[in-house]
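Residues per chain are reported as follows:
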Amino acid sequence: MGCDGGTIPKRHELVKGPKKVEKVDKDAELVAQWNYCTLSQEILRRPIVACELGRLYNKDAVIEFLLDKSSEKALGKAASHIKSIKNVTELRLSDNPAWEGDKGNTKGDKHDDLQRARFICPVVGLEMNGRHRFCFLRCCGCVFSERALKEIKAEVCHTCGAAFQEDDVIVLNGTKEDVEVLKSRMEERRLRAKLGKKTKKPKVAESVSKSEVSEETPGPSKVKTGKPEETSLDTREKKTNSAPKSAAHGITSGKAAKRSIADSEESEAYKSLFTTHSSAKRSKEESAHWVTHTSYCF
């Protein structure tokens, strides 16, 4: 059974105790949350967006996820609450002037400072590396540290001046308690939006029906009072009187038009365009007796 050659086994080699719980390195976790996309696990690059739960994404990864919702994606659960591009907000981030990135690490022997971040708070100047709580406004997308919002209390954004409420403030990469509060707010907001759409539809239908009824029913000026027999007789008399007047008016207008062309002071070239001109008429000798002739054919 082994242990030959005078070896003496120790207790931990013979007795198997409970496995130790693996502890996650906090620095590595912060780097993963604040520097990498939650959906694609790639480095965050602009345009950067955040969801209603405070998670950071690349906008390209969100669009690809919405276009191709396949069940094979393991990280699809992290963005299952994102139904459309309207559920995310594009962030307005302030660059950190002290951050060099990979410019100074050309030889590969430079120490990477994990405390140094790409972005900072534009009000207080704190770096967005996970050591301090940051939040963004859902109405405009500006990002601040929580300390800046507490110290400078205002109902207007510090950079763009847009008005906001407490419901618009969303914590970035918050704790489990923060995520639960944000999730309840998100569900309430979406319920309100659905109820608002349902109430708008019957209002539109009522307005359309009212307009149709108003067109069908005549107003007080259109309604005629009196007996129906008298009104019908009056209308018939008016029609009979108006018919000869209109016919006479048409005849007189036609004559006036002919006279106006013949008696007008226009040139002979202009008058020759009309059939009433002498040049349009032919003599009997010029026209054949067996051909149907019109004055328009020359």
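The notes below deal with the structure included here. It should be emphasised that the depicted structure is a prediction, and the values quoted were computed from it without experimental measurement.

Right, let's get into the sheet that holds strand E3 (residues 89–90). Strand order in the open sheet formed by three strands is E2-E1-E3, with antiparallel pairing between adjacent strands. Each edge of the open sheet is held by one strand with a lone partner, namely strand E2 (56–58) and E3. Pairing of strand E1 (residues 48–50) with E2 involves three bridges; the strand directions are antiparallel. Residue pairing across strands places Val49 opposite Tyr57, the latter belonging to E2.

A few words on the side chain of Glu52. Assignment of secondary structure puts Glu52 in the loop between E1 and E2. On the basis of relative accessibility, which here comes to 8%, the residue Glu52 falls in the buried class. In this structure the side chain of Glu52 is engaged in a polar contact, spanning 2.8 Å, whose partner is the side chain of Arg189. At 3.1 Å, the side chain of Glu52 forms a polar contact with the side chain of Arg190. When near neighbours in sequence (up to four residues on either side) are disregarded, Glu52 contacts Asn87, Arg138, Ile170, Leu182, Met186, Arg189 and Arg190.

Enumeration over the complete set of coordinates arrives at two cavities of 30 Å³ or more. Residue lining of the second largest cavity: Trp34, Asn35, Ala117, Arg118, Phe119 and Met128, and that is the complete set.

Moving on: the pattern of salt bridges. Evaluation of the coordinates by the stated rule reveals nine salt bridges. Asp167 is the partner of Arg189 in a salt bridge, and the nearest nitrogen-oxygen pair spans 3.2 Å. Placement of the pair is Arg189 in helix H5 (residues 176–216) and Asp167 in the loop between helix H4 (146–151) and strand E8 (169–171), with a sequence separation of 22 residues. The burial state of Arg189 is the same as that of Asp167; both residues are buried. Each member of the salt-bridge network shares a partner with another, and the members are Glu52, Asp167, Arg189 and Arg190.

Quick look at the environment of Asn129 now. Relative to the helices and strands, Asn129 is located in the loop between strand E5 (119–120) and strand E6 (134–137). Classification of Asn129 by relative accessible area gives buried; the value is 12%. Here the alpha-carbon distance between Asn129 and Val31, two residues 98 residues apart in the chain, equals 7.5 Å. Reaching out from Asn129, the side chain makes a polar contact with the backbone nitrogen of Arg131 at a distance of 3.1 Å.

Once that is clear, we can look at the packing of aromatic side chains. Under the defined criterion, the tally for this structure stands at one aromatic pair. With a centroid separation of 6.4 Å and 70° between ring planes, the pair formed by Trp34 and Phe134 is classed as edge-to-face. With a gap of 100 residues between them, Trp34 in helix H2 (residues 26–35) and Phe134 in strand E6 connect regions that are remote in the sequence.

Attention now goes to helix H3 (residues 59–67). Within H3 the residues assigned to the buried category are Ala61, Val62 and Phe65. With its buried residues spanning 100° around the axis, H3 presents them on a single face. Turned more than 90 degrees away from the buried face of H3, the exposed residues are Glu64 and Leu67. If you follow the buried residues of H3, they end up packed against E1 and E2.

Alternating positions in E6 separate into two faces, Phe134 and Phe136 on one and Cys135 and Leu137 on the other, with burial throughout. Inspection of the sheet shows E6 paired to strand E7 (residues 143–145) by three bridges, in the antiparallel sense. If you follow Cys135 over to E7, its bridge partner there is Phe144. Here E6 folds back onto E7 in antiparallel fashion, the turn holding five residues, of which Gly141 has a positive phi close to 90°. Bridge count for E6 against E8 is three bridges, and the pairing is antiparallel.

What counts, and at which threshold
- Residues numbered from 1 in each chain as written.
- Predicted model: local features only at pLDDT ≥ 70, side-chain atom pairs only at ≥ 80, totals over all residues.
- Heavy atoms only, no water.
- Pairing = 2+ DSSP bridges.
- Helix = DSSP H or I, 4+ residues; strand = E, 2+ residues; numbered from the N terminus.
- Buried < 20%, exposed > 50% of the residue type's maximum accessible area, 1.4 Å probe, protein only.
- Polar contact = N/O pair within 3.5 Å; in protein donor to acceptor, adjacent residues only side chain to side chain.
- Contact = heavy atoms within 4.5 Å.
- 1 Å grid on protein atoms, 1.4 Å probe; cavity = no way out; pocket = protein on both sides within 12 Å on 5 of 7 lines; lining within 4 Å.
- Points joined across faces, edges and corners; volume = space filled by probe spheres on them.
- Salt bridge = Lys/Arg side-chain N within 4 Å of Asp/Glu carboxyl O.
- Phe/Tyr/Trp six-rings, centres within 6.5 Å; stacked < 30°, edge-to-face > 60°.
- Arc of directions from axis to C-beta.

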